[in-house]
Amino acid sequence: MKDFFKGVRKHIGRLDAEKLREQYELVADELARSEKLIEILKDGVVRLAANGEVLQSNPAAKTLLGAEPADVLPDLGLPLGKASRREIAVTYPDARTLEIQTIPDAGETVVYLRDVTAEKARSEEELRAGATKAISDLAAGVAHEIGNPLNAIALALQLVKRDPTDTESIDTAIVQLKRLNDITRDFLNALRPRRPNLLPGSLAEPLKSCLATLKPQFEERRIAIALDIPAALPNVALDAEQMEQVFFNLLKNALEAMKDGGTVAIALDADDQDVSVTFRDTGLGMSAEQLAHLFEPYRTTKEKGTGLGLMISKRIVTEHGGSISAESAPGNGTAFTVTLPRLERRIRALK
Ligand code: ADP
Ligand code: MG
């Protein structure tokens, strides 16, 4: 088709009115055929103008959204002109999970909607199937990490045997034992999820605590943190320890995406409904293909990666009644946003 247009464009100066009409007909036919293709798709396709106005949409888009795209899309706050991917839960006409992708296209934005309800149900099963590989990968990693502390403990104990008053070696052994404990705890966390223990609190707390843990690593890599915490942030229902794990995973990924320094901008925000935190890095970004498979288990582009961090993070956020979304472009950094419902809203919704 591209070649056809190229040919016409090249010779257009030499075509007479009759020939032009002929070519015009061909283009019109071709357009109608493309449109028909989009019409019969089971997935939803919506084209948005630069200002967000709906230019075109297919019947599947309306069916999946349960309403006219022009009526509901503006409320979703999709990033215009940017690649992104997120999932939303819809309750009408029935309870389903929709995946929404935005694809930038010459100033416009193509929104691609897919029903992933069945896929999500399957993914837990897949997780178990893939777990065997993950366990051996993780076990290899853990075995490697366990080696050093074990050697250090053996050495420390030998020294204590020779000189029972050597308290320094005893301290070394204790520190290394704590490390072993941390390693095995992380390993188990990955494979054995626990339900969140939800308590009212601020997202700022686990965030600050996570930043304190990661500070040395950020400094070492010359990565700046720009933190924006509003003075009054509404509470959410959260398991601070699990939420800290989510932030840790996101920040660690941001860190790993930036080879030569950079910035992570962290913005906390709230509206009547939700509280959100966005992590925006200046790292290597992701392709549309990577975005399309984000949050799936065992997808990693790193030599020593597990591809479990985002999957675990998403599971935790979902169990908090929230959602996690990503926005990225190759070479242009990445932004992850975690959104949790406000506590007041939750109570109202439960009545
Ligand atoms: P892992 O970090 O072990 O690879 P994750 O689930 O944390 O597993 O991430 C999966 C993949 O998503 C990464 O391998 C990387 O390709 C991509 N990714 C995640 N966060 C970022 C980011 N901030 N910038 C670029 N790529 C990212
Ligand atoms: Mg990771």
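**Student:** Explanation requested: the overall build of the protein in the structure shown.
**Tutor:** Per the secondary structure count, the protein includes eleven helices and twelve strands. For the protein, the residues scored as buried account for 36% of the 351 residues in total. Considering only intrachain contacts with a sequence separation of at least 6, the fraction spanning at least 24 residues in the protein is 62%.

**Student:** What's the story with the pattern of salt bridges in this structure? I'm lost.
**Tutor:** A side chain with one charge can pair with a side chain of the opposite charge if their charged atoms come near. Under the counting rule described, the total for this entry stands at 16 salt bridges. A salt bridge links Lys 314 to Glu 87, with the nearest nitrogen and oxygen atoms 2.9 Å apart. In this pair, Lys 314 is assigned in helix α10 (residues 309-319) and Glu 87 in strand β3 (residues 84-90), connecting sequence segments 227 residues apart. Of the charged contacts, one joins Arg 299 and Glu 296 as a salt bridge, the two residues approaching to 3.2 Å between their closest N and O atoms.

**Student:** How should unusual backbone geometry be read in this particular structure?
**Tutor:** Most peptide bonds are trans, and most residues other than glycine sit at a negative phi. At Ala 106, a residue that is not glycine, the phi angle is positive and equals roughly 45°. Mapped onto the elements of the fold, Ala 106 is located in the loop between β4 (96-105) and β5 (108-115). Its identity is not glycine, yet Arg 222 carries a phi of approximately 55°, on the positive side. Within the secondary structure, Arg 222 sits in the loop between α7 (204-220) and β7 (223-228).

**Student:** Can you help me understand the confidence of the model for the protein in this one?
**Tutor:** Caution applies to low-pLDDT parts of the model: their predicted coordinates are not meant to be read in detail. The pLDDT averaged across the protein works out to 86; a share of 89% of its residues lies at or above 70. For residues 346-351, every residue scores under 50 in pLDDT, and the model assigns this stretch four contacts once sequence neighbours within four places are set aside.

**Student:** How should I be thinking about the sheet that holds strand β9 (residues 262-270) in this particular structure?
**Tutor:** The strands making up a sheet associate through hydrogen bonds between their backbones, and the pairing can be parallel or antiparallel. Taken in spatial order, the ten strands line up as β2-β1-β5-β4-β3-β11-β12-β10-β9-β7 in an open sheet, and their pairing is mixed. Of all strands in the sheet, those bounded by a partner on one side alone are β2 (54-57) and β7. The average angle at which neighbouring strand axes cross in this sheet is 20°, direction not considered.

**Student:** I tried to follow the packing of α7 against helix α8 (residues 240-257) on my own but got confused; where do I start?
**Tutor:** Helices that pack against each other are described as a pair by the angle of their axes relative to one another and the distance between those axes. In the contact formed by α7 and α8, the axes pass within 9 Å of each other and the chain directions differ by 35°. Considering only the axes of α7 and α8, their crossing is right-handed. Packed against α7, whose contacting residues are Pro 206, Leu 207, Ser 209, Cys 210, Leu 211, Thr 213, Leu 214, Gln 217 and Phe 218, the element α8 presents Ala 240, Met 243, Glu 244, Phe 247, Phe 248, Leu 251, Lys 252 and Leu 255 at the interface. Classifying every residue of the contact of α7 with α8 by side-chain character gives twelve nonpolar, three polar and two charged.

Criteria and cut-off values
- Residues numbered from 1 in each chain as written.
- Chains lettered and ligands numbered in written order.
- Predicted model: local features only at pLDDT ≥ 70, side-chain atom pairs only at ≥ 80, totals over all residues.
- Heavy atoms only, no water.
- Helix = DSSP H or I, 4+ residues; strand = E, 2+ residues; numbered from the N terminus.
- Buried < 20%, exposed > 50% of the residue type's maximum accessible area, 1.4 Å probe, protein only.
- Contact = heavy atoms within 4.5 Å.
- Salt bridge = Lys/Arg side-chain N within 4 Å of Asp/Glu carboxyl O.
- pLDDT = per-residue confidence, 0-100.
- Pairing = 2+ DSSP bridges.
- Axes fitted to C-alpha atoms, helices over the stretch in contact; angles between N-to-C directions.
- Left-handed = near helix turned anticlockwise from the far one by under 90°.
- Nonpolar A, V, L, I, M, F, W, Y, C, P; charged D, E, K, R; others polar.

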